[in-house]
Amino acid sequence: MTERSGKHSKHLYFPLSRRHFIKGAAAGAVIAGAPAVLQGLTRRAKAQEKGVIRMLFTAPTMIPGDWTRFEADTGLKMEDTVIKDDPGIFLTEVEVNDAGDRFDLISTLSGVEQSLIDGGYIIQAETGAVPNWGGMPDSIKGIPYLVRDLSPDGGNVWGMPLAMNADSFGYLPAKLNEPRPPEEASWSLVFESEKTMGRSSTGDNYIYLWEALAYLKNSGQLEVADILNPSPEEARATADFLIERKNAGQFRNFWKIFDDQVADMKNGEVDAIRCWEPAVREANKAGGDWVYANAKEFYTKWLHAAYIPAQVEDRGNLEEVYTALDWFLSGGYASTITPLRGYLNGRPDLAVEYAQRNEIGDISADMDAAQSKMKHKFAKEDFWFSAVPSNLQEMQAQMDRVLNA
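Residues numbered from 1 in each chain as written. Predicted model: local features only at pLDDT ≥ 70, side-chain atom pairs only at ≥ 80, totals over all residues. Heavy atoms only, no water.

Space inside the second largest pocket adds up to approximately 380 Å³. Along the wall of the second largest pocket there are 18 residues; nearest its centre are Glu277, Arg281, Tyr292, Ala369 and Lys373. Considering each element in turn, the lining of the second largest pocket owes the most residues, seven residues, to helix H14 (residues 364-378). Class assignment of the residues belonging to the lining of the second largest pocket gives a composition of eight nonpolar, five polar and five charged. (1 Å grid on protein atoms, 1.4 Å probe; cavity = no way out; pocket = protein on both sides within 12 Å on 5 of 7 lines; lining within 4 Å. Points joined across faces, edges and corners; volume = space filled by probe spheres on them. Helix = DSSP H or I, 4+ residues; strand = E, 2+ residues; numbered from the N terminus. Nonpolar A, V, L, I, M, F, W, Y, C, P; charged D, E, K, R; others polar.)

Next comes the structure, spelled out in structure tokens:
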């Protein structure tokens, strides 16, 4: 399965050609350097072009299938490019390869914002230029991924929310004799269940080492002082656990990208898989009987947001950029992204009325289900995803040890 988003999409999942050392939020981490995203003229050289927004995404699932509604609502064209959801690749593309020369908006992985702020790679957002910001719940406005120096006046706003969710795993309830949501299922189906021996899967970078650590903490197998910043000893103990499970034959594979998740399920490779919620939806389109878990132990909570590269100030299209940002907080985006992906944007309250006004159909059940699900999942204590933990280098080294075992 190849996730596509329209004729303008580009997906940068090919091997990367060089290596860089980036300081700041990812201090000490050696990360892969992405090649230039576009060939020929850069976005800076095309500064006089109007009516086109070029946007860099770190996940294909942020894209609403196609940009038909965006173009109808805003009068703008959208050209999207997707890179692998890897913090090293992302930071290199922005901080080394000058993504702001080529893109008008960038969608970040949660937690890299401070590095972009400190380096001057993004500019503050003027909320007055984004009318739909005003009606957003304070609980979203105050999320640290979006705001710094929070004050009674609202603080400094840097990002606008695209979508949020709380990730768990997919599984086959009938085959495994496991309950369906809303009943809970354990992460043990991914990590250490005889039921799924040889037929489970998780991801291939340190994010998924983190989740194994969260499982060990929540199942009482490992004392963890700070789950967001595990010590080297805690990271190594988690890697030892994963290596033990790998050697026991637990895992079918360690997937790399979204397409791999879908393929594992559609091809019958696995019975349980740590995955994104849209992957379950894609597998079921092909006749699967997958469900996305109400997890017993924890969820990985995240929010993807959009930021304005500093170069936009000199490009003369800032007004168009704000028009695009306001659309991501509109009923147009909400009425698309929630039924399609199961995610919520910052203004789900605008979705049903938009769908009715534009004769899209009744999406009230989709919106109610997503908001109810999110309320339940976000009530779990652990944990918000951060792309740059303090021991990033150690966590990546330990995940490399797992993959090489």
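What follows is about the environment of alanine 334. Relative to the elements of secondary structure, alanine 334 occurs in helix H12 (residues 331-341). As for alanine 334 and leucine 350, which are separated by 16 residues in sequence, their C-alpha atoms are 7.2 Å apart.

Applying the stated criterion to the full structure yields three cavities of 30 Å³ or more. Lining the largest cavity are 16 residues, and of these Asp85, Asp167, Trp276, Trp302 and His304 sit closest to its centre. Only helix H7 (206-218) and strand E18 (300-309) provide two or more residues apiece to the lining of the largest cavity. The greatest single-element share of the lining of the largest cavity, amounting to three residues, is contributed by E18. By residue class, the composition of the lining of the largest cavity is nine nonpolar, four polar and three charged.

Pairing of strand E13 (residues 200-203) with strand E14 (residues 251-255), which is carried by four bridges, proceeds in the parallel orientation. Its bridge partner lying in E14, threonine 202 is registered against phenylalanine 254. (Pairing = 2+ DSSP bridges.)

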